[in-house]
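Structural overview for review
These are the residues of each chain, in order.
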Amino acid sequence: MSKFVDHPLIKKDTMETRIYQQLLFTKAVKSNSLIVLPTGLGKTVIFIMAIAHFIKKFPDKSVIISAPTRPLVDQHFESLTKFLNIDHNKIQIISGSTLPIIRKNIWQEAQVFITTPQTLRNDIIDKKVELHKFSLICFDEAHRAIGEDPYVLCAQEFHKINKSGRILGFTASPGNQKKIFELMKNLYLNDFEFMDEDHPQVKPYTHNTNEEFVWINLPETYKTILTILETEVKSHLKYLKQIGVIKSIVLSKNSKKQLIQIPKKLNQIKNEIEEKDYFETLGRYGQLMLLYQAMEMIETQGAHTLSKYIDDKHIEFQKTKKNSLKRFINNSSIIKIQKLTDELLNSNTLHPKISTLTNIVNKQLDTKPDSKIIIFSNYKATTSFIVDKLTNIEKIKPHRFVGQSSSSYGKGLTQKEQKSIMNDFKTGKFNVLVSTSVGEEGLDVAQCDMVIFYDVTPSATRLIQRSGRTGRKRTGKIIILITKNTKEEGYFYASQRQKKSIKSSIKDIKSAIEEHKENQNQTNLDSFIDPPSTINDEKKILEIYIDHRERGTSIIRKLLEKNVDLKQATLPVGDFILSNDVAIERKTTNDFSQTLIRGDLFPQLIKLKETYAKPLLLIEGENIFNSSISSNAIFGAISSIIVDYNIPILYTSNEEETLSLILTIAKREQFERKSKPTIKSSKSTQSLYEDQIYLISSIPNINRTLAERILEYFKTPNQFFNANLEDLLKIQGIGKLTAQKILDLLSSKTEKNI
């Protein structure tokens, strides 16, 4: 039985609470906890009670709620202003659109903050938020706190600066046991609290959700296209098997997840195969991934999406001139498939999913005219297509709901547009919402009657998130459309197995976590070593400027972990400024290859050298030759950087080594040489000397080193241009053949060819 929360900071008779919510709240306020509760059972009520509790207990401190999407941030803001009995001006949203110049002031003035993890991470790095002034931080959709997700850095800094502060994570789908351990470690959570629909305190508040699986046959015309694609794929798989990077050419035994490992396996056998085979394998791998994507589109989406995909590859090639795209779009099989898709579209031969979907929606609205329906698709292009097909049908009022980024597949939605669409869906202006993954997490659509999966997601977490949009206040229905005898069928069975596995193992997770905690507490050799919390000598603080484009990397989190005074900025040159003299341009092996192809590398390094006395190029990765560029070209570039431009190159295998190297150099510069980092602008114009060197080195067979020798000997370019053979031969590095070519170039008369 529910009753209203009785608390001075919660408006009287407004927020109902249930016994299971009170139990979870009581446990949550005692220790850093992960709260797992199925969607629709009121996680919001628990964290609002926690917020009220901590504000009352620590009136001089503030609280933070972080949610992964702007619609979810807005939803939390509405809930907090509705229920919290505090001045609404003390409840503030801080987003990326909030001007940086005023964000720091907002952090000082309000008491309850709702923000996305990206914004919170950036403000922590930029020192706009003082974390010691907070008593509580809540991470909604906490299952995201894996790897280098922004949640991880936010939790790390909060815990480091504010060990007495409470950290709470909330989710409906935490994943398997391994993932739960990882996210609890990343968020510094000690306890795990879980109740599901079968718990005696929860069961009275649950509603049935009926699942229906609709199996769809692929038309013969579509199978023709699929057969062409499969033939192409098998030819590449056969070659890759011969090289030794895969074990089978059977399609079902080569999932996308497995194929992604091919470059890694190729590098392991690089020294055992010829260079031409290495580059051919890389090329075939690129074609394979493009073809796999095309197969998935014709199987699960239809001719419209596949046609758009191929068109986009043509456009992308015109912009990038990538050889992999040229090879793909000029493939005779792809040209044939493009003609076949055009014929299908001209004859209106659509994937049968669209007619099945239309019938399901019509039937639901005939049976229950006030129904609200959400349709999920993995592809933005398909959401537009579905809306287009449903728009002209009586009773159906559809609208597209996607993220903010725009692409050739459709225009993104602003935060304001997302909020407006969601409100219109709630009020009934639209009765069908066609959404990408942006609609999966947390959105409170209390009266959604049906959720339709237009395509299958192989992720059990996303399956649970999508399913949770219905059955919240009344009985709901979930319908999953599956194309028979395709990879989609495999995805379906995989996600169902994962879902069952998660549900069965999660019930035993509490005891597993207690056992894990006991094991963590046992003494081992490492516990006798005090790892330094800082790399600073005698409490001196290292300062490092880092370019804002590096903020998504783990290096930022690890530098902060070492108590480095990190200053994020838009750097005119370089990625890391370590002193007044030292700046580092960091490239992964892939970045190095791509900037070399695009022609960006040398201009970047020239600016770096012009600006800092000790420029460094840092190349990170296991194999610099893992690209479509020949070894000779890479050796040539490296030689030129070292010899012609006098820029040292440092090599590291991974981010850990990069971190150690950066810290070592920064420490020497700042602690031993007393040189503090300084942002300098690149020179707007080159010196006369550089202009003269550039002029001389533009002559064939003359590199920078030779140009410097020439200028040193002749003093001016004019003297060089008027030199005779005898004078030229006095320059080290100019032989008789080269000297004669220079003289011929400078003295020969030519006529313009017409």
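Calculation criteria
Residues numbered from 1 in each chain as written. Predicted model: local features only at pLDDT ≥ 70, side-chain atom pairs only at ≥ 80, totals over all residues. Heavy atoms only, no water. Helix = DSSP H or I, 4+ residues; strand = E, 2+ residues; numbered from the N terminus. Buried < 20%, exposed > 50% of the residue type's maximum accessible area, 1.4 Å probe, protein only. Contact = heavy atoms within 4.5 Å. Areas by Shrake-Rupley, 256 points an atom, 1.4 Å probe, with all protein chains shown as cover. Lys, Arg positive; Asp, Glu negative; His and termini not counted. Charge placed at Lys NZ, Arg CZ, Asp CG, Glu CD. pLDDT = per-residue confidence, 0-100. Expected span 1.5 Å × (residues − 1). Axes fitted to C-alpha atoms, helices over the stretch in contact; angles between N-to-C directions. Parallel < 35°, antiparallel > 145°, perpendicular 65-115°, else oblique. Nonpolar A, V, L, I, M, F, W, Y, C, P; charged D, E, K, R; others polar. Polar contact = N/O pair within 3.5 Å; in protein donor to acceptor, adjacent residues only side chain to side chain. Core = buried A, V, L, I, M, F, W, Y, C linked by side-chain atoms within 4.5 Å. Patch = residues over 30% accessible without salt bridge, like charges linked within 9 Å, V, L, I, M, F, W, Y side chains within 5 Å. Salt bridge = Lys/Arg side-chain N within 4 Å of Asp/Glu carboxyl O. Pairing = 2+ DSSP bridges.

**Quick word on the overall build of the protein**
Each helix and strand counted, the protein has 30 helices and 21 strands in total. When the 754 residues of the protein are sorted by exposure, 52% land in the buried category. Here the analysis covers contacts within the protein between residues at least 6 apart in sequence; of these, 72% occur between residues at least 24 apart. For the protein, the exposed area adds up to about 36200 Å²; of that, 50% sits on carbon and sulfur atoms. Here the protein contributes 108 positively and 87 negatively charged side chains, and the mean placements of these two sets differ by 2 Å.

**Quick look at the confidence of the model for the protein**
Averaged over every residue, the pLDDT of the protein is 85; residues scoring 70 or more account for 92%. For the protein, the element scoring lowest by mean pLDDT is helix α20 (residues 509–521), at 65; strand β4 (residues 62–66) scores highest, at 97. Note that pLDDT drops below 50 for residues 522–534; the model gives that stretch 6 contacts with residues more than four away or on any other chain.

**Points about helix α24 (residues 631–644)**
Counting along an α-helix, one turn takes 3.6 residues, and residues three or four places apart therefore face a common direction. Helix length check: α24, at 14 residues, gives a terminal C-alpha distance of 19 Å against a target of 20 Å (1.5 Å per residue), a fit within 8%. Taken together, the buried positions of α24 are occupied by Ser631, Ile634, Ala637, Ile638, Ser640, Ile641 and Asp644. Contact partners of the buried residues in α24: α11 (275–300), α22 (589–598), α23 (601–611), β20 (614–620), β21 (649–652) and α27 (704–714). At the exit of α24 stands Asn646, carrying a positive phi of roughly 55°.

**Overview of the packing of helix α6 (residues 150–161) against helix α21 (residues 554–561)**
Remark: α6 packs on α21, axes separated minimally by 10 Å, with the N-to-C direction vectors making an angle of 5°. One finds that α6 runs roughly parallel with respect to α21. Between α6 and α21, the contacting residues are Val152, Leu153, Gln156, Glu157 and Lys160 on the first element and Ile556, Arg557, Leu560 and Glu561 on the second. Tallied by class, residues from the contact of α6 with α21 come to 4 nonpolar, 1 polar and 4 charged.

**Comments concerning the side chain of Thr436**
Position of Thr436 among the secondary structure elements: in the loop between β13 (432–435) and β14 (450–453). Discounting residues that sit within four places of it in the chain, Thr436 has contacts with Phe376, Ser377, Tyr379, Lys380, Thr383, Phe401, Val402 and Gly403.

**What to know about the side chain of Gln418**
The residue Gln418 is located in helix α17 (residues 415–427) in this model. Taking the relative accessible area as the measure of exposure, Gln418 reaches 2% and is therefore buried. Here Val402 takes part through its backbone oxygen, which lies 3.0 Å from a polar atom of the side chain of Gln418. Apart from residues lying up to four places away in sequence, Gln418 is in contact with Arg70, Pro71, Phe401, Val402, Gly403, Gln404, Leu413 and Val438.

**Looking at the nonpolar core**
One finds Leu34, Phe192, Ile544, Leu559, Phe576 and Leu578 to be the most contacted residues of the largest nonpolar core, which totals 54 residues. By residue number, the principal contributor to this core is helix α25 (residues 655–672), which donates 6 residues. For Ile544, the residues in contact, after removing those within four places along its chain, are Leu559, Val564, Asp565, Leu566, Lys567, Phe576, Ile577, Leu578, Ile662 and Ala666. Val233, Leu282, Leu288 and Ile310 belong to the second largest nonpolar core, which has 43 residues in total.

**Re unusual backbone geometry**
The phi angle at Lys674 is positive, at roughly 55°, despite the residue not being glycine. One non-glycine residue with positive phi stands out, namely Lys715, at about 75°. With respect to the helices and strands, the residue Lys715 is situated in the loop between α27 and α28 (717–721).

**A few points about the environment of Met15**
Mapping Met15 onto the fold places it in the loop between β1 (3–4) and β2 (16–17). Here the alpha-carbon distance between Met15 and Ser79, two residues 64 residues apart in the chain, equals 9.8 Å. If we skip the residues at most four places from it in the chain, Met15 touches Lys3, Phe4, Val5, Ile10, Val45, Ile48, Met49 and Phe83.

**Examining a nonpolar patch on the surface**
Where nonpolar side chains cluster on the molecular surface, the patch consists of Leu99, Ile101 and Ile102 and spans about 320 Å² of accessible area. Mapping Leu99 onto the fold places it in the loop between β5 (91–94) and α4 (100–109). Exposure remark for Leu99: the relative accessible area of 52% places this residue in the exposed category.

**Things to note about the sheet that holds β13**
Strand order in this open sheet of 6 strands is β10-β15-β14-β11-β13-β12, and the pairing throughout is parallel. A strand with exactly one partner marks an edge of an open sheet, and here the two such strands are β10 (209–216) and β12 (398–401). When the angles between neighbouring strand axes are averaged without regard to direction, this sheet yields 20°. In the sheet, β14 pairs with strand β15 (residues 476–483) via 4 bridges, with the strands oriented parallel. In the strand pairing of β15, Phe453 is matched with Ile480. Those strands touched by helix α16 (residues 380–391) are β11 (373–376), β12 and β13, and its axis lies near 170° from that of β12. Lying over the sheet, α17 contacts β11, β12 and β13, oriented at roughly 145° with respect to β12.

**So, α25**
With 18 residues, α25 extends 25 Å between its outermost C-alpha atoms, agreeing within 8% with the 26 Å of an ideal straight helix rising 1.5 Å per residue. Within the sequence span of α25, burial applies to Thr658, Leu659, Ile662, Leu663, Ile665, Ala666, Glu669, Gln670 and Phe671. Those residues of α25 hidden inside the fold are in contact with β16 (543–547), α21, β18 (576–577), β19 (582–588), β20 and β21. N-cap assignment for α25: the residue whose side-chain oxygen lies 3.1 Å from the backbone N of Glu656 is Asn654. Positive backbone phi, at 55°, marks Lys674, one or two positions downstream of α25.

**Looking at the pattern of salt bridges**
All told, the structure shown has 33 salt bridges when counted by the stated rule. Lys614 is paired through a salt bridge with Glu669; the nearest N and O atoms lie 3.7 Å apart. Taken together, the residues span a long stretch of sequence, with Lys614 in strand β20 and Glu669 in helix α25 at a distance of 55 residues. With a relative accessible area of 35%, Lys614 lands in the partly exposed category.

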